[in-house]
Amino acid sequence: MSTNLHHHEHKVSTELKSKRYGHKPAVVWLTGLSGSGKSTIANLLEVKLFDLGYKTYILDGDNVRLGLNNDLGFSPEDRKENIRRIGEVAGLFADSGTIVISAFISPYTEDRLRARQACVHDFIEVHVDCELSSCENRDPKGLYKKARAGLIKGFTGIDAPYELPINPEVLVKTDKDSVGDCVDQIISKLCDRDIIADSLGRVPTLDKSKTIAIDFDGVVHAYSKGFAGLENAYDEPHFGAEKAIKKLKDAGYKLVIVSSRPAYVIRKWLENYGLNSYFDDVTNVKRPASYYIDDHAIEFEKGDKNSWLKALSKILEQ
Ligand code: ADP
């Protein structure tokens, strides 16, 4: 075991990532018998969340057993280690701001608890419940047949136990409800927990009509002496900026600073002037917005033969 390890505080916090992505990170941990529907639900859940603009990743047997865990077999110790690593990886992916969907039988309570503890963000345990007889009838991979024939040993539900989840966050019954209904039950839970926005279909950070993108230098930051290095935001707020920002925020706009400076430099400067909380995002990436407030803005009149000439002369005379 390693000693002398120190946890580093990262400058880009999970909170900042949530603001950027428009949702909170979480681990959706699907557990249930083989053939209960974990992969099917994971896939439809991911499609729905992805279509809503959310950042998702599925951890399943294929991408884990073939790579990270290809040194592990199916002995009790290896199964335990398999789930332990998956829990840790899920926690790391969640740290990256992602909604992680994991789809593993994970039959032991203790292992699921460990996975929960490996995640500092919301952990949504979903019991994908289905009668063994239905799973066996479905037998999507032909595994039950092999297990019954004695070709697979220690198969969950046949000759290895499945410990039922106690108080899972969500219980879906795939032998009673459709795949779509099961997925909707999980999505409702994500809404209840404020992990995703509750009006489905709209991503808060991409709501163009209520977003104003604002340049930093020369607009928020007075920038009276011009550029003095990306890290050096040396000046005071631009005349009138503080009042205007507060007014726009009161009017219900989302305010996003778009600048080539590193966001932490800007955040720190905003903090010094008590302005940090007014901004929904600080980014280098151009965002959809209904207004762009920019000291380099160029008036461009559509259809006017001189518009480009004016634009060019404005740009080239700078
Ligand atoms: P697991 O990943 O749990 O081993 P799979 O998703 O691979 O299970 O297989 C489940 C099978 O059950 C699929 O063939 C799927 O189409 C079927 N199925 C029927 N009803 C449902 C449901 N409500 N939810 C999920 N799967 C269902």
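Model, not experiment: these values are computed from the prediction. (Residues numbered from 1 in each chain as written. Predicted model: local features only at pLDDT ≥ 70, side-chain atom pairs only at ≥ 80, totals over all residues.)

Examining the packing of helix α4 (residues 76-95) against helix α5 (residues 109-117)
Thought 1: One can describe the packing of α4 onto α5 by two numbers: an axis separation of 8 Å at closest approach and a directional angle of 20 degrees. Classified by the interaxial angle, the pair formed by α4 and α5 is roughly parallel. As α4 runs across α5, the sense of the crossing is right-handed. Listed contacts from α5 to K80, I83, R84, I86, G87 and A90 of α4 are D111, R114 and A115.
Thought 2: Taken together, the residues of the contact of α4 with α5 sort by class into four nonpolar, one polar and four charged. (Axes fitted to C-alpha atoms, helices over the stretch in contact; angles between N-to-C directions. Helix = DSSP H or I, 4+ residues; strand = E, 2+ residues; numbered from the N terminus. Parallel < 35°, antiparallel > 145°, perpendicular 65-115°, else oblique. Left-handed = near helix turned anticlockwise from the far one by under 90°. Contact = placed C-beta atoms within 7 Å. Nonpolar A, V, L, I, M, F, W, Y, C, P; charged D, E, K, R; others polar.)

Description of the confidence of the model for the chain
Thought 1: Of the residues in the chain, 94% have a pLDDT of 70 or more, and the chain-wide mean is 88.
Thought 2: Every residue in residues 199-206 scores below 50 in pLDDT, and together they form 18 contacts with partners more than four places removed in sequence or on other chains. (pLDDT = per-residue confidence, 0-100.)

Here we look at unusual backbone geometry
Most of the time, phi is negative for any residue but glycine, and the peptide bond is trans.
Thought 1: In the Ramachandran plot, D139 falls in the positive-phi region, its phi being about 30 degrees despite a non-glycine side chain.
Thought 2: When you line up the elements, D139 lands in the loop between α6 (132-138) and α7 (143-148).
Thought 3: Positive phi is not limited to glycine here, since Y223 has a value of about 60 degrees.
Thought 4: With respect to the helices and strands, the residue Y223 is situated in the loop between β6 (211-214) and α9 (241-250).

Considering the domain arrangement of the chain
Much of the literature gives interface size as the accessible area that the parts lose upon coming together.
Thought 1: When cut into domains, the chain gives domain 1 (14-192) and domain 2 (207-317).
Thought 2: Each of domain 1 and domain 2 was reduced to a C-alpha centroid, and the two centroids are 43 Å apart. (Domains from an automatic or database assignment.)

Describing the sheet that holds strand β9 (residues 291-293)
Thought 1: Taken in spatial order, the four strands line up as β8-β7-β6-β9 in an open sheet, and their pairing is parallel. Across the chains shown, the open sheet's two edge strands, defined by having one partner strand only, are β8 (281-283) and β9. Shown here is a sheet whose adjacent strand axes are inclined to one another by a mean of 25 degrees, direction ignored.
Thought 2: Bridging between β6 and β9 involves three bridges; their strand directions are parallel. Looking at the pairing, A213 lines up with Y292 of β9. (Pairing = 2+ DSSP bridges.)

Looking at the site of the ligand
Thought 1: Around the ligand sit 17 residues, and of these G37, K38, S39, T40 and T174 come closest.
Thought 2: Elements with a minimum of two residues in the shell around the ligand: α2 (38-51) and α8 (179-192).
Thought 3: Looking at the shell around the ligand, its residues break down into five nonpolar, nine polar and three charged. (Near = placed C-beta within 6 Å.)

Here's the deal with the environment of T98
Thought 1: Counting through the fold element by element, T98 comes out in the loop between α4 and β3 (99-103).
Thought 2: The exposure class of T98 is buried, given the 21 C-beta atoms found within 10 Å.
Thought 3: Distance from T98 to P25, taken between C-alpha atoms, is 5.0 Å for residues 73 residues apart in sequence. (Buried ≥ 20, exposed ≤ 12 C-beta atoms within 10 Å, placed from the backbone.)

Observations concerning the packing of α2 against α8
Thought 1: Direction vectors running N to C along α2 and α8 enclose 60 degrees, while the axes themselves pass 9 Å from each other. The orientation of α2 with respect to α8, classified from their angle, is oblique. At the point where α2 passes α8, the crossing takes the right-handed sense. Of α8, the residues touching α2 (which contributes T40, I41, L44, L45 and K48) are V179, C182, V183, I186 and I187.

A short note on the sheet that holds strand β1 (residues 26-31)
Thought 1: On the basis of which strands lie adjacent, the open sheet formed by five strands has the order β2-β3-β1-β4-β5 and parallel pairing. Both edges of this open sheet fall to β2 (56-60) and β5 (170-173), since each of them pairs with a single strand only. Neighbour to neighbour, the strand axes of the sheet diverge by 20 degrees on average, direction disregarded.
Thought 2: Examined bridge by bridge, β2 and β3 share five bridges and lie parallel to one another.

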